[in-house]
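Results of the structural survey
Given next are the chains, with one letter for each unit.
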Amino acid sequence: ARAVLLDGRAVAATLREETAAAVAALRARGREAPALATILVGEDPASHVYVAAKHRACEAVGIRSLDHRLPGDVEGERLAELIGSLNADDAVSGILLQLPLPSQLEASEFIDLIDVGKDVDGLTTANAGQLWRQRDGLRPCTPAGIIELLDRCGVPIAGRHAVVVGRSDLVGRPLAGLLLRRDATVTICHRHTADLPAVCRGADILVAACGIPRLIGVEHVRPGAVVVDVGITRTDDGLVGDVDFDAVATVAAAITPVPGGVGPMTIALLLANTVAALPSTTDKDR
Ligand code: ADP
C-alpha cells in the first residue's frame, strides 16, 4: 500500500485563487487593495528569502506589500516605534514581523505590540488567548493551513485522535487548539514525552512539528493514519521533513510531501489572513 499524497501545492493554489477573487471583489466595490507590511530586522539570509517570497505571493493575488527593513543592531525602541506607526496607519491591513529577531530583541515583546486586528501571523498573546477562549481571531498561518489542507482533502477531524509532536507557540500549541475546536481528541508530545512511538501509534492524525529530520518512522505510525509533516530542514540530501517519508508512506493512508505540503499552505493562509484582517470583510475564524 502506498499513501495518498496531501498535495499542499495544489490546494494552496486553489486557496490563492479564492483570495485573489476576494481582493478583486473588494476593488470592484471601490475599496483599496489590502496591504501587508513586513518588518525584517537584520541580515539573516533565510529571512530575506522568506520575506521576498511573501511579497511575491501578495502581489500575485493583488495584495500590496510594504517592505520595512531595520539594521540588525537596531534599538528596541526604534522597532517599537515602527510597529506603532504601522498600527496607526489605516492603509496597512496586516503586519508581519519576520522571525527570528536578532538576539538582543525579545520576539514576544515586539509581537505583542502588533495591533490584534492586524496580527496576520496570529502570534500575539491576545490572538492566542482568543483561540483558547474559543473566540474568533486571526489564527497562526501554519496551523490554520494544516486544518485547511485536511478539510480540502476530505480528512475528517471530529472525534479522531490527533497527536501533535511539538509544542511551539508557532505551530504545535495553536494547532492543538484548532484541532480541539474541531472536536478532535488531542495529545501534545514534546521532548519529555515518554515512549513517543507508542503515543504516536495511537494517532488517527499524526502531525510532526519538532524540527528533527526524519524523527517519525514506521514505528510511530498506525497503519491507515494520516500523517502531516511540518518540518523542513536543509541537509546534504536536500530538504528533509520530520517524517521518514519513504518508510512512512508505505503504512500511512495519506501523507504530506516535503516540500510541497504544509509550506505552500502557510503562505496561502498568510494571504487569506491579510484579506480577513480588513475590517468587516469576511469571517476571521478558521
Ligand atoms: P516549530 O517551529 O516547527 O514548531 P520548534 O523548534 O520551535 O519547532 O519546536 C520544536 C518542538 O519539538 C518543541 O516543542 C520540542 O519540545 C519538540 N521536540 C523536540 N525534540 C523532540 C523529541 N525528541 N520528541 C518529541 N518532541 C520533541
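Calculation rules
- Residues numbered from 1 in each chain as written.
- Predicted model: local features only at pLDDT ≥ 70, side-chain atom pairs only at ≥ 80, totals over all residues.
- Heavy atoms only, no water.
- Helix = DSSP H or I, 4+ residues; strand = E, 2+ residues; numbered from the N terminus.
- Rg over C-alpha atoms; globule rule 2.2 N^0.38 Å.
- Contact = heavy atoms within 4.5 Å.
- Near = heavy atom within 4 Å.
- Polar contact = N/O pair within 3.5 Å; in protein donor to acceptor, adjacent residues only side chain to side chain.
- Areas by Shrake-Rupley, 256 points an atom, 1.4 Å probe, with all protein chains shown as cover.
- Nonpolar A, V, L, I, M, F, W, Y, C, P; charged D, E, K, R; others polar.
- Pairing = 2+ DSSP bridges.
- Salt bridge = Lys/Arg side-chain N within 4 Å of Asp/Glu carboxyl O.
- Buried < 20%, exposed > 50% of the residue type's maximum accessible area, 1.4 Å probe, protein only.
- Core = buried A, V, L, I, M, F, W, Y, C linked by side-chain atoms within 4.5 Å.
- Domains from an automatic or database assignment.
- Right-handed = clockwise from strand over helix to strand, strands pointing away.

1. Focus: the overall build of the protein chain
- Across its full length, the protein chain carries 10 helices and 11 strands.
- For the protein chain, the C-alpha radius of gyration of 19 Å lies close to 19 Å, the compact-globule estimate for 286 residues.
- Across its three principal directions, the C-alpha atoms of the protein chain cover 50 × 45 × 40 Å.
- Once local pairs closer than 6 in sequence are excluded, the contacts in the protein chain between residues at least 24 apart make up 70%.

2. A word on the site of the ligand
- With respect to spatial proximity, the complete set of residues near the ligand consists of Val165, Gly166, Arg167, Ser168, Val171, His190, Arg191, Leu196, Ala209, Cys210, Ile212 and Leu215.
- Arg167 has a polar backbone atom sitting 2.8 Å from an oxygen atom of the ligand.
- His190 is positioned such that a nitrogen or oxygen atom in its backbone is 3.4 Å from a nitrogen atom of the ligand.
- Burial of the ligand by the protein chains amounts to 72% of its free accessible area of 580 Å².
- Considered class by class, the residues forming the shell around the ligand number seven nonpolar, three polar and two charged.

3. Some thoughts on the sheet that holds strand 8 (residues 226–229)
- In space, the six strands of this open sheet follow the order 1-11-8-7-5-6, with parallel pairing throughout. With one partner strand each, in any of the chains shown, strand 1 (4–5) and strand 6 (185–189) form the two edges of the open sheet.
- Of the strand pairs in this sheet, strand 7 (residues 205–208) and strand 8 are connected by four bridges, and their pairing is parallel. If you follow Val207 over to strand 8, its bridge partner there is Val228.

4. Remarks on the pattern of salt bridges
- Scanning the model with the defined rule gives nine salt bridges in all.
- Between Arg173 and Asp169 there is a salt bridge, with its nearest N and O atoms 3.8 Å apart.
- Relative accessible area serves as the criterion here: at 39%, Arg173 is assigned to the partly exposed category.
- Judged by its relative accessible area of 62%, Asp169 falls in the exposed class.
- Arg222 serves as the salt-bridge partner of Asp204, at 2.9 Å between the closest nitrogen and oxygen. With Asp204 in the loop between helix 8 (196–201) and strand 7 and Arg222 in the loop between strand 7 and strand 8, the pair connects residues that are 18 residues apart, well separated along the chain.

5. Brief notes about the nonpolar core
- One finds Ile63, Ile146, Leu150, Leu179 and Ile205 to be the most contacted residues of the largest nonpolar core, which totals 46 residues.
- Only helix 1 (8–28), helix 2 (45–61), helix 6 (141–152), strand 5 (161–165), helix 7 (172–181), strand 7, strand 8 and helix 10 (262–276) provide two or more residues apiece to this core.
- Ranked by residues supplied to this core, first place goes to helix 10 with seven residues.
- Of the residues that make up this core, three or more belong to each of domain 1 (30–117) and domain 2 (141–263).
- Residue contacts for Leu150: discarding those within four places in its chain leaves Leu6, Val155, Ile157, Ile205, Val226 and Val228.

6. Some points on unusual backbone geometry
- Along the chain, Leu99 connects to Pro100 via a cis peptide bond; the corresponding omega equals 0°.
- Mapped onto the fold, Pro100 is located in the loop between strand 4 (94–97) and helix 4 (107–111).
- The omega angle of the peptide bond from Val258 to Pro259 is -5°, so this bond is cis rather than trans.
- For Pro259, the location among the structural elements is in the loop between strand 11 (254–255) and helix 10.
- Here Asp183, not a glycine, exhibits a phi torsion of approximately 70°, which is positive.
- In this fold, Asp183 is placed in the loop between helix 7 and strand 6.
- Look at Asp183 and you get exposed, because its relative accessible area is 53%.
- Positive phi, normally seen in glycine, also occurs at Asp195, with a value near 50°.
- Residue position: Asp195 is located in the loop between strand 6 and helix 8.

7. Some details on the domain arrangement of the protein chain
- With domains assigned, the protein chain is organised as domain 1 (30–117) and domain 2 (141–263).
- Measuring from the centre of the C-alpha atoms in domain 1 to the corresponding centre in domain 2 gives 29 Å.

8. As for the pairing of strand 5
- Here strand 5 lies mainly inside the structure; four of its five residues are buried.
- In this sheet, strand 6 lies alongside strand 5 in parallel orientation, the contact comprising five bridges. Paired with His161 across the two strands is Thr185, which belongs to strand 6.
- Regarding the hand of the β-α-β motif, the stretch spanning strand 5, helix 7 and strand 6 is right-handed.
- Two strands pair when backbone bridges link them, and strand 5 and strand 7 are joined in this way by four bridges, in the parallel orientation. Along strand 7, the bridge assignment pairs Ala162 with Ile205.

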